[in-house]
Amino acid sequence: MAQNPPDLRPDRAQARLDRDLSTVRAGRDQPTIGMVSLGCPKALVDSERILTRLRAEGYGISPDYSGADAVIVNTCGFLDSAKAESLDAIGEALTANGRVIVTGCLGAEPDYITGAHPRVLAVTGPHQYEQVLDAVHAAVPPDPDPFVDLLPASGVKLTPRHYSYLKISEGCNHKCKFCVIPDMRGRLASRPHKAVMREAEKLVDSGVKELLVISQDTSAYGTDWSDRPSKFPILDLARDLGRLGAWVRMHYVYPYPHVRELVPMMAEGGVLPYLDIPFQHAHPDTLKRMARPAAAERTLDEIAAWRRACPDITLRSTFIVGYPGETEDEFQTLLDWLDEAQLDRVGCFQYENVAGARSNALPDHVPDEVKQERWDRFMEKAQAISEAKLAAKVGTRLTALVDAVDEEGATCRTAADAPEIDGNLFVDRGFEGLAPGDMIEVEVDEAGEYDLWGARVDA
Ligand code: SF4
């Protein structure tokens, strides 16, 4: 699905993985494990956790199939297209290595995997870390060595070392009809506040400059606790994370009313003025068929309130076009809503059936060519909004975090840009001597549809 956002593109996740695996090459005599990590940032965090544990037990991590004693494939099962890619990746690992352990979302359907690939050594479901480790121990027994079993303070990280995903909960209590995540990942289970803070502090101590808070439903964090210390524990967590001195970026924030209380923290600078909120649609009837709250007008009111409280806030969202039963009128409502909402960053999916999703059984599926045509119209509008918003930044000074540097310049991001899914600020003057993780001041002198260009001004 070329139109789907890069955070769901396994090829992007793999590139990131390959890049970082080169820094954790195995010692020659260690048992070594390869890892193929498909899917979203949440799956990447799971891969990091598994590798951290393996590394702690003395395993080496191999950057290629041939150097590995076994390969773990962390699968994605969100869309049928992602399932097919997962099966392909398993097949490739079997051909290249032969000893393959499967985990992740698609692991919730073991028959589907073993039906296509009966030779896999083991299949475990999402977050079954212990079972994955058991499968690795059975396939490649550990060989402890006190000289190589040193665990870096921050664990083994597959993301670049200056930013890190921080998973705060698993699962979801919603029942959106197009989504099978609650079936695969279960109901909301929030990590204890202390455990999240401990991990975040360790990451910041080890040099991480940006924490990307992720979960299936970030604003619901802690509402599953029977003895919760406050009504909305996400507010306490955001406040405490904001005191660590790193950038804190909130992803997958469901638009509950208490999000209004998060926004002042963004205005004060504790948390980045950035909200990634999956609205999915704007027409009340479509939202109802999706089983999402039908409150499109109120979402416009909410957006206006957020902007009043924090004028610099960047709003990112994702949408589905061509949902079953979506009429031209409903789609036009979405376009008009987008005109009013003026979101900064927008991703758009064309609806597709996912095995097990309740939306499959809805009447009046939209023909593919209509989905494509609506997606084109939606993206044209979103692109025009993005272009105008970025043009307004020309001449301003922005703080930027350096992601990469080469001989032509530095690739950076501002508070408005999440890694992998948003644009970049490219610095082509004054970048000499910079390194990933540096924070710099940049004067913007050019803008495109999704990216900015500028010169460093604090050297
Ligand atoms: S809120 Fe997100 S994860 Fe939960 S059911 Fe809806 S789409 Fe799925």
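Note on numbering: residues in each chain are counted from 1, in written sequence order. Where local features are concerned, this predicted model is filtered to residues with pLDDT of at least 70; where side-chain atom pairs are given and counted, the filter is 80 or more; whole-chain, interface and lining totals use all residues.

For this particular structure, what's the right way to read the UniProt feature "binding site: [4Fe-4S] cluster 2" (unreviewed entry) in the chain?
UniProt positions are given in the numbering used here, feature names are shortened, and annotations may be inferred rather than shown by experiment. UniProt annotation of "binding site: [4Fe-4S] cluster 2" (unreviewed entry) refers to Cys172, Cys176 and Cys179 when read in the numbering used here. Among the secondary structure elements, Cys176 is positioned in the loop between strand S7 (169-170) and helix H6 (181-185). Contact criterion: two residues are in contact if their C-beta atoms, reconstructed from the backbone, are within 7 Å. In this structure, Cys176 is in contact with Met290, Ala291 and Arg292, ignoring residues within four places of it in sequence. Going along the chain from the N terminus, every DSSP run of H or I of four or more residues is numbered as a helix, and every run of E of two or more is numbered as a strand. Along the chain, Cys179 turns up in the loop between S7 and H6.

Looking at this structure, how should I read the packing of helix H12 (residues 328-341) against helix H13 (residues 368-391)?
If you want to describe how two helices pack, look at the angle between their axes and the distance between the axes. Here an angle of 0 to 180 degrees is reported between the N-to-C directions of two axes, which are lines fitted to C-alpha atoms, with helices fitted over the stretch in contact. Contact geometry for H12 and H13: axes closest at 10 Å, N-to-C directions at 10 degrees. In terms of axis orientation, H12 runs roughly parallel to H13. Counted together, Phe331, Leu335, Leu338 and Asp339 of H12 and Arg374, Arg377, Phe378, Lys381 and Ala382 of H13 form the full contact between these two elements. Roughly parallel here means an angle under 35 degrees, roughly antiparallel means over 145, roughly perpendicular means 65 to 115, and every remaining angle is called oblique.

Looking at this model, I keep getting lost on the sheet that holds strand S14 (residues 397-406). Mind explaining?
Hydrogen bonds between backbone groups are what pair the strands of a sheet, and the pairing can be parallel or antiparallel. Two strands qualify as a pair provided that DSSP identifies no fewer than 2 bridges between them. Sheet architecture is closed into a barrel: five strands sit in the order S14-S15-S16-S18-S17, paired in mixed fashion. Strand-to-strand twist in this sheet, taken as the mean axis angle between neighbours without regard to direction, amounts to 50 degrees. Bridge count between S14 and strand S15 (residues 409-413): five bridges; the pairing is antiparallel. Its bridge partner lying in S15, Asp406 is registered against Gly409.

Would you mind showing me how to read the sheet that holds strand S5 (residues 122-123) here?
In spatial order, the strands read S2-S1-S3-S4-S5; together these five strands make up an open sheet with parallel pairing. On the outer flanks of this sheet lie strand S2 (60-62) and S5, each paired with one strand and no other. Strand direction decides the pairing type here: strand S3 (residues 70-75) and strand S4 (residues 100-104), joined by five bridges, are parallel. When the bridges of S4 are listed, Val71 appears paired with Val100. Helix-sheet contacts for helix H3 (residues 80-96) involve strand S1 (32-37), S3 and S4, and the interaxial angle to S3 is about 175 degrees. Contacting S1, S3, S4 and S5, helix H5 (residues 129-139) runs over the sheet at an angle of about 175 degrees to S4.

How should I be thinking about the site of the ligand in this particular structure?
Nearness between a residue and a molecule or strand is assessed with a C-beta atom placed from the backbone; a distance within 6 Å qualifies. The local shell around the ligand consists of Cys172, His174, Lys175, Cys176, Cys179, Ile181, Pro182, Gln216, Asp217 and Tyr254. Just so you know the grouping, Ala, Val, Leu, Ile, Met, Phe, Trp, Tyr, Cys and Pro go in nonpolar, Asp, Glu, Lys and Arg go in charged, and all remaining residues, Gly too, go in polar. Residue classes in the shell around the ligand are distributed as six nonpolar, two polar and two charged.

Can you walk me through H3 in this structure?
With 17 residues, H3 should reach 24 Å at 1.5 Å per residue; the first-to-last C-alpha distance of 24 Å fits that figure. In the stretch just after H3, Gly98 is the one whose phi turns positive, near 95 degrees. Take the number of residues in a helix, subtract one, and multiply by 1.5 Å to get its expected span.

What's the story with unusual backbone geometry in this structure? I'm lost.
The phi torsion of most residues other than glycine is negative, and most of the peptide bonds are trans. Of note in this structure, Ala291 is not a glycine but carries a positive phi near 65 degrees. Turning to its location among the elements, Ala291 is positioned in the loop between helix H10 (284-290) and helix H11 (296-309). Residues other than glycine seldom take positive phi values, yet Gln342 does so here, at roughly 50 degrees. Mapped onto the elements, Gln342 comes out in the loop between H12 and strand S13 (345-350).

Where do I start with H5 in this structure?
For an α-helix, 3.6 residues make a turn, and residues three or four places apart therefore share a direction. Counting other C-beta atoms within 10 Å of its own, a residue is labelled buried from 20 upward, exposed at 12 or fewer, and partly exposed in the gap between, with every C-beta atom placed from the backbone. By the burial criterion, the buried members of H5 are Val132, Ala135 and Val136. One face of H5 carries all of its buried residues, which in axial projection span an arc of 100 degrees. Structural note: H5 exposes Glu130 and Ala138 on the side pointing more than 90 degrees away from its buried face. Arc definition: it is the arc formed by the directions from the helix axis to the C-beta atoms.

How should the packing of helix H8 (residues 233-242) against helix H9 (residues 259-268) be read in this particular structure?
Packing of H8 against H9 brings their axes to within 10 Å, and their N-to-C directions diverge by 10 degrees. Between H8 and H9, the angle is such that the two are roughly parallel. For the pair formed by H8 and H9, the contact residues are Leu235, Ala238, Arg239 and Gly242 on the first element and Glu261, Leu262 and Met265 on the second. Considering only residue class, the contact of H8 with H9 consists of four nonpolar, one polar and two charged.

Mind showing me how you'd approach the pairing of strand S17 (residues 439-447) here?
A regular strand places its side chains on the two faces of the sheet in alternate fashion. Alignment of S14 against S17, held across five bridges, turns out to be antiparallel. Each residue of the ladder has a partner; that of Thr399, found in S17, is Glu441. Where S17 meets strand S18 (residues 452-456), five bridges bridge the pair, whose relative direction is antiparallel. Counterpart to Val442 in the pairing with S18 is Arg456. The turn linking S17 back onto S18 is made up of four residues.

Would you mind going over the environment of Arg119 with me for this structure?
You can see Arg119 is positioned in the loop between helix H4 (110-116) and S5. In this structure Arg119 comes out as exposed when scored by C-beta crowding, with 11 C-beta atoms within 10 Å.

Got a minute to help me understand the confidence of the model for the chain in this structure?
Averaged over the chain, the pLDDT score is 85; the fraction of residues at 70 or greater is 88%. Between residues 1-28, whose pLDDT stays under 50, and residues either more than four places distant or in other chains, the model counts 56 contacts. One confidence number per residue, pLDDT, is output by the predictor and ranges from 0 to 100. This model gives residues 145-153 a pLDDT under 50, and the stretch forms 13 contacts once residues within four places in sequence are excluded.

Looking at this structure, how should I read the environment of Val248?
As for its position among the elements, Val248 is in strand S10 (residues 247-250). Placed 24 residues apart in sequence, Val248 and Leu272 show a C-alpha to C-alpha distance of 5.6 Å. Setting aside residues up to four positions removed in sequence, Val248 forms contacts with Leu211, Val213, Leu241, Gly242, Val271 and Leu272.

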